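# Descriptive structure summary
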Amino acid sequence: MEEAAEDMMEIDTPNLARMKTTKTRNVDVIGGFGKVQEVFKDVISRPVSTASIALSAMQEAMKPQRQTVLVQDENQLFENSLRTLLEDLVVQAVNEEVPVMQLGRLTGPEDDGRGLVTRLLDIVLYLCERGHVEGGMVFQLLEDLTEVSTIKDCKEVFGYIEGKQETLGKPELFGRGKLVMLRTCNQLLRRLSKANDVVFCGRILMFLAHFFPLSERSAVNIKGIFNTSNETKYEKEPPPDGGHLIDFNFYKTFWSLQEHFCNPAYLVQYPARWQAFSSSLSTVLQTFEAQPLGDEDESSSHLDEDDDATFNIKYLTSSNLLSLELKDPGFRRHILVQCLIVFDYLKTPGKTEKEGPRESLREEVKTHEEHVRKLLEITPPKGKEFISAIEHILERERNWVWWKRDGCPAFERVVQDRKVVPDSNKRRPRWRLGNKELSQLWKWAEMNPNALTDISRVKVPSVTDYWKPLAEDMDPAAGIEPEYHHKKNRVYCWKGLRFAARQDLEGFSRVTELGIEGVVPLELLPPDVRTKLHGKSLERAKQKGTKKEEEGVASAVHADDGQMNGRGSLVDSVHDMEDGQALLPDSTPPTDAGNAPVGEKTDDDDTGKSSKTVELSNKNKTKEEYSRADIPGSSHSQEPKGESRGSTRKRAHPDS
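Going by what an unreviewed UniProt entry lists, the protein chain is known as THO complex subunit 1 and is assigned to Riccia sorocarpa.

Structure, rendered in structure tokens:
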């Protein structure tokens, strides 16, 4: 038993330690809550300026580690403490039956127009704006305050929000609290009545339009979803008393148009719905045209200025009132403008051809649109001015549609500081080389002649050195993300193309087929990248080179054969010339043979014969050497030329 008890104690010891630590932490948290609430209750009860008391109150309540800035845990504790204090103040206001924003407001000369809740919100807003606490804290307090307040109190709370709109919209606060503010306003809109709280709803929508930037995607209906929950209810069956003053079939036809106005996309998707809509609209337009309005209807339709605040655009749908509503120019304009809005939607081309309207539907839309415009022009008062204003609004609406289809690009542009134009009256200094930079550069060159030949001077890199970074990006083993590749840098690519155009025309020619990566020299690329990028081109080049090599060998062979044949014919012609000259002495008799005596020789004859014989033998020897030197392996060199020469020599010298 003792051993079992010891085991249980060993098991429970860590849990007991954890429980003690948690209990101590909870005590510290509760103590921190109480400290913050005590300090801030005392601070907000005094009518002092926010800037003089906010930081000191936070330091006294939290004692932060960084003196002026709260860390994450301190921020959470501080926010929870203030939310609890705010809830207590709301409960106190309800018990005292005073408005929440007027609780604790002083009277007399000390009244600064602020209550306890207002002072608390001002202090938190000051701390958030200066970065002492987390920027979204004030938005969280405003959301809590609107959730626990009545509609009447929410109007005053929202008035405070409207007054602090510029401060809340600063970048350091807007980024941390925009979603909380959007949620707060949407919750308020759901609680409000669209019939009784129209002005308050308008204030909220106007605040959101000013608070959020124009290109905020959360405020844009990018998908173009229609509000199908806005249904118009009307009588489906005629009343039993039969007291209606107009044809009930026309009544049903007229109000059935609202079902099509609620979701115009169905008119394109379902042809049957378009046929029903077109038929009903033609009936209504013909009725409007058959019952034109006069001046008396115009004067009776004016509203007093006091009634404008209570005037709503949701008309009553009772069958007994339709005859009176048709005489109202504003009522007719409302219906006709709805038609123009639907027509403008149907004419807008879709993202694809299937989403766009059919050609037959476009023609019908054009016909109905012309009819509606004609009715608006004749509807008093100032029909032409009214239709002109509506067309301008629809034109702007089309611009918004295209803006959303382009992805809602931002409208804000960075303001660039304008350069101050120097005074033209001042005399500009004259520089030696036209401007200050060139003159200074020339001055440095005169002082340091070796500047241009310095090794450390910046030089134009070679193509191989320049494309090395891009080649490293293309290597999958490097693991460089595509968004950091050098090919994304337009200046880098432009400089590289200029270098390639000057130093590597072959690589420059590949840019049209392979892009900027094709300009990189092949020796810089890894084998797999080179094969993937230049595989086809390398194979084609290899095939082309093989073909050229074969053609070169064939042409060389043909050239050698032609040269050998030409030289052989030249040798034949030389031999023919030798034979002709050798036969010449036999066929031609000596000049003085007939006059000389028989058996008598003169010195002149011997001298002439010997000189001619020497000259002819030298000429034959020269031709023989030329033939042997030029065609060593030809068939002519293998003939027994000794006999021919011998015979030639024997014929040339018969006396020998």
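Glancing now at the nonpolar core. Core analysis: the largest hydrophobic core is formed by 60 residues, its most contacted members being F40, F78, L82, L120, L145, L168 and M181. Elements represented by at least two residues in this core include exactly α1 (2–44), α2 (50–62), α3 (72–96), α4 (116–130), α5 (137–147), α6 (151–163), α8 (171–191) and α9 (198–211). Residues in contact with F78, not counting those within four places in the same chain, are V36, F40, M58, M62, L70, L127, V133 and M137.

Taken together, the side chains of L433, L438, L441, W442 and W444 present a nonpolar region at the surface, about 530 Å² in accessible area. Relative accessible area serves as the criterion here: at 51%, L441 is assigned to the exposed category.

With that out of the way, let us pick up the pattern of salt bridges. This structure, assessed with the given rule, holds 18 salt bridges. R83 serves as the salt-bridge partner of E79, at 3.9 Å between the closest nitrogen and oxygen. Of this pair, E79 and R83 both sit in helix α3, 4 residues apart, which is roughly one turn of the helix. Of the residues examined, E79 reaches a relative accessible area of 13% and is grouped as buried. Residue R373 pairs with E369 through a salt bridge whose shortest N-O separation is 2.8 Å. Taken together, the residues span about one helical turn, with R373 and E369 both in helix α16 (residues 359–378) at a distance of 4 residues. With a relative accessible area of 22%, R373 lands in the partly exposed category. The exposure class assigned to E369 is buried, which follows from its relative accessible area of 9%. Taken together, the shared-partner salt bridges connect K347, E369, R373 and E391 into one network.

By the definition in use, this model includes 24 aromatic pairs. Judged by centre distance (5.2 Å) and plane angle (80 degrees), the ring pair of W400 and W403 falls under edge-to-face. Separated by 3 residues within a single helix, W400 and W403 lie in helix α17 (residues 383–405), roughly one turn from each other. Across from the ring centre of F386, 4.2 Å away, lies the NZ or CZ of R333, which sits over that ring. Directly above the ring of W402 sits R405, whose terminal nitrogen or CZ lies 5.4 Å from the centroid.

Contact geometry for α5 and α8: axes closest at 9 Å, N-to-C directions at 10 degrees. Considering their axes alone, α5 and α8 lie roughly parallel with respect to each other. Here α5 contributes F139, Q140, L142, E143, T146 and E147 to the contact with α8, which in turn contributes L173, G177, V180, M181, R183, T184, Q187, L188 and R191. Its residues assigned to classes, the contact of α5 with α8 comprises 6 nonpolar, 5 polar and 4 charged.

Moving on, we come to helix α21 (residues 490–503). Count 3.6 residues to each turn of an α-helix, and residues three or four apart come out pointing the same way. Here α21 contains 14 residues, and its C-alpha end-to-end distance of 20 Å stays within 8% of the 20 Å for a straight helix at 1.5 Å per residue. Of all the positions in α21, only Y492, C493, G496, F499 and A500 are classed as buried. The buried residues of α21 occupy an angular sector of 125 degrees when projected down its axis, which confines them to one face. Facing away from the buried side of α21 by more than 90 degrees, the exposed set consists of R490, W494 and R502. Here the buried face of α21 lies against α19 (463–466), α20 (468–474) and α22 (505–509).

Thresholds, definitions, all that
- Residues numbered from 1 in each chain as written.
- Predicted model: local features only at pLDDT ≥ 70, side-chain atom pairs only at ≥ 80, totals over all residues.
- Heavy atoms only, no water.
- Core = buried A, V, L, I, M, F, W, Y, C linked by side-chain atoms within 4.5 Å.
- Buried < 20%, exposed > 50% of the residue type's maximum accessible area, 1.4 Å probe, protein only.
- Helix = DSSP H or I, 4+ residues; strand = E, 2+ residues; numbered from the N terminus.
- Contact = heavy atoms within 4.5 Å.
- Patch = residues over 30% accessible without salt bridge, like charges linked within 9 Å, V, L, I, M, F, W, Y side chains within 5 Å.
- Areas by Shrake-Rupley, 256 points an atom, 1.4 Å probe, with all protein chains shown as cover.
- Salt bridge = Lys/Arg side-chain N within 4 Å of Asp/Glu carboxyl O.
- Phe/Tyr/Trp six-rings, centres within 6.5 Å; stacked < 30°, edge-to-face > 60°.
- Lys NZ or Arg CZ within 6 Å of the ring centre and 35° of its normal.
- Axes fitted to C-alpha atoms, helices over the stretch in contact; angles between N-to-C directions.
- Parallel < 35°, antiparallel > 145°, perpendicular 65-115°, else oblique.
- Nonpolar A, V, L, I, M, F, W, Y, C, P; charged D, E, K, R; others polar.
- Expected span 1.5 Å × (residues − 1).
- Arc of directions from axis to C-beta.

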